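# What the coordinates show
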Amino acid sequence: MLSSLKRAQKGFTIIELLIVIAIIAILATLVLTNFQGAQAKGRDATRNTDVNSMYQKLEEYHNENGAYPQTFTAATFPGIDEGALLDPRGENSVEILAAVADEAAAITAVTAAANDDSATSSAYVYAAFPTGCTNDCTGYILGTFMENAQPDGTNLVLKKGLNN
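A few points on the structure. Counting starts from 1 at the beginning of each chain's written sequence and moves along it residue by residue. Note on the predicted model: pLDDT of at least 70 is required for a residue's local features to be given, and 80 or more for side-chain atom pairs to be given and counted; whole-chain, interface and lining totals, by contrast, use all residues. Only hydrogens and water are set aside; all other atoms, that is, all heavy atoms of the structure, feed into the side-chain values.

Residues Ile15, Ile19, Ile23, Ile26, Leu27 and Leu30 make up a contiguous nonpolar surface patch of about 600 Å² in total accessible area. Topologically, isoleucine 19 is positioned in helix α2 (residues 14-65). Without a salt bridge and with relative accessible area above 30%, a residue can belong to a patch; like charges are then joined within 9 Å and nonpolar side chains (Val, Leu, Ile, Met, Phe, Trp, Tyr) within 5 Å. The protein chains shown are the only cover counted for residues, whose accessible areas, like all others here, come from Shrake-Rupley with a 1.4 Å probe. Definition used for salt bridges: Asp or Glu carboxyl oxygen within 4 Å of a side-chain nitrogen of Lys or Arg. Per the convention used, a helix needs a DSSP run of H or I reaching at least four residues, while a strand needs a run of E reaching at least two, with both numbered from the N terminus.

Okay, here's the thing in structure tokens:
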């Protein structure tokens with residue numbers, strides 16, 4: 001009689017259910033972690049593309065005008081999409097720093113501004129030089145913060161004018 005009762009009971013034990021739930025939780029954690037990493041890589045790729053596009057526009061401006069502009073806005077560059085000046089999160093646009101003395105000062109200023117508040121500060125930063133220039137600047141530094149480290153080990157991408 002006792003053996004026939006054991007055969008009649010069907011289902012999973014609590015231990016079996018807990019093991020399955022634990023396995024599902026581990027797999028879900030792995031998937032979510034990889035997904036978030038992929039999103040950061042995508043935003044970094046967008047930032048890199050945006051910086052390269054801005055760089056090309058600045059070089060076109062120099063070829064047409066013989067100098068670089070003090071500011072970087074959609075009004076300065078007809079035909080550029082306003083959305084291209086926003087970071088991938090759509091929160092920040094190009095941060096224009098006051099004109100600085102030279103390239104070294106521009107690199108220092110852009111690095112400090114782009115690294116400010118690290119992952120939440122992903123605005124593009126632009127600094128022209130020399131001090132006091134308007135639309136006759138001789139050089140610039142353009143930079144942005146990246147969420148993932150670059151090949152050089154930093155989280156910063158800097159571009160400088162070809163004519164610096």
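What follows picks up the thread again.
Looking along the chain, the bond that leaves phenylalanine 129 and enters proline 130 is cis, with omega of 10°. By the secondary structure assignment, proline 130 is in the loop between β2 (124-129) and β3 (139-145).

What follows covers the nonpolar core. General note: in soluble globular proteins, nonpolar side chains tend to be found buried as a group. What we call a nonpolar core is a set of buried Ala, Val, Leu, Ile, Met, Phe, Trp, Tyr and Cys residues that are connected through their side-chain atoms within 4.5 Å. To sort residues, take the accessible area from a 1.4 Å probe on protein chains only and compare it with the maximum for the residue type: under 20% means buried, over 50% means exposed, and anything in between is partly exposed. Counting 22 residues, the largest nonpolar core has Phe72 and Tyr126 as the members making the most contacts within it. Elements represented by at least two residues in this core include exactly α2, β2 and β3. Broken down by element, the residue count for this core peaks at five residues, all from α2. Grouped together as the second largest cluster of nonpolar side chains are eleven residues, Val100, Ala106, Val125 and Ala127 included.

Between the first and last residue of a helix there are one fewer steps than residues, each counted as 1.5 Å, and that sum is the expected span. The end-to-end C-alpha separation of α2 is 76 Å, in line with the 76 Å expected for 52 residues at 1.5 Å each. Of the positions making up α2, those classed as buried are Ala40, Asp44, Arg47, Asp50, Val51, Met54, Tyr55, Leu58, Glu59, Tyr61 and His62. Structurally, α2 contributes buried residues whose contacts are with β2, β3 and β4 (156-160). Just downstream of α2 lies glycine 66, where phi reads positive at about 80°. Any two residues whose heavy atoms approach within 4.5 Å at even a single point are treated as in contact.

When you line up the elements, threonine 111 lands in helix α3 (residues 103-115). Taking the C-alpha atoms as reference points, threonine 111 and isoleucine 141, separated by 30 residues in sequence, lie 9.6 Å from one another. The contacts of threonine 111, once residues within four sequence positions are left out, are Leu156 and Leu158.

One can find lysine 159 in strand β4. Given a relative accessible area of 24%, lysine 159 falls into the partly exposed group. If we skip the residues at most four places from it in the chain, lysine 159 touches Val51, Asn52, Tyr55, Tyr140, Ile141 and Leu142.

The next point concerns the packing of aromatic side chains. Only rings of Phe, Tyr and Trp enter the pairing, Trp through its six-membered ring, and a pair is recorded when the two centres are within 6.5 Å. The plane angle decides the type: under 30 degrees is stacked, over 60 is edge-to-face, the rest tilted. Evaluated as defined, the whole model comprises three aromatic pairs. An aromatic cluster is present here, built from Tyr68, Phe72, Tyr126 and Tyr140 joined pairwise through their rings. Lysine 159 extends its terminal NZ or CZ atom over the ring of tyrosine 55, reaching a point 5.0 Å from the ring centre. In this scheme, the term charge over a ring applies when either NZ of a lysine or CZ of an arginine sits within 6 Å of the ring centre and within 35 degrees of the ring normal.

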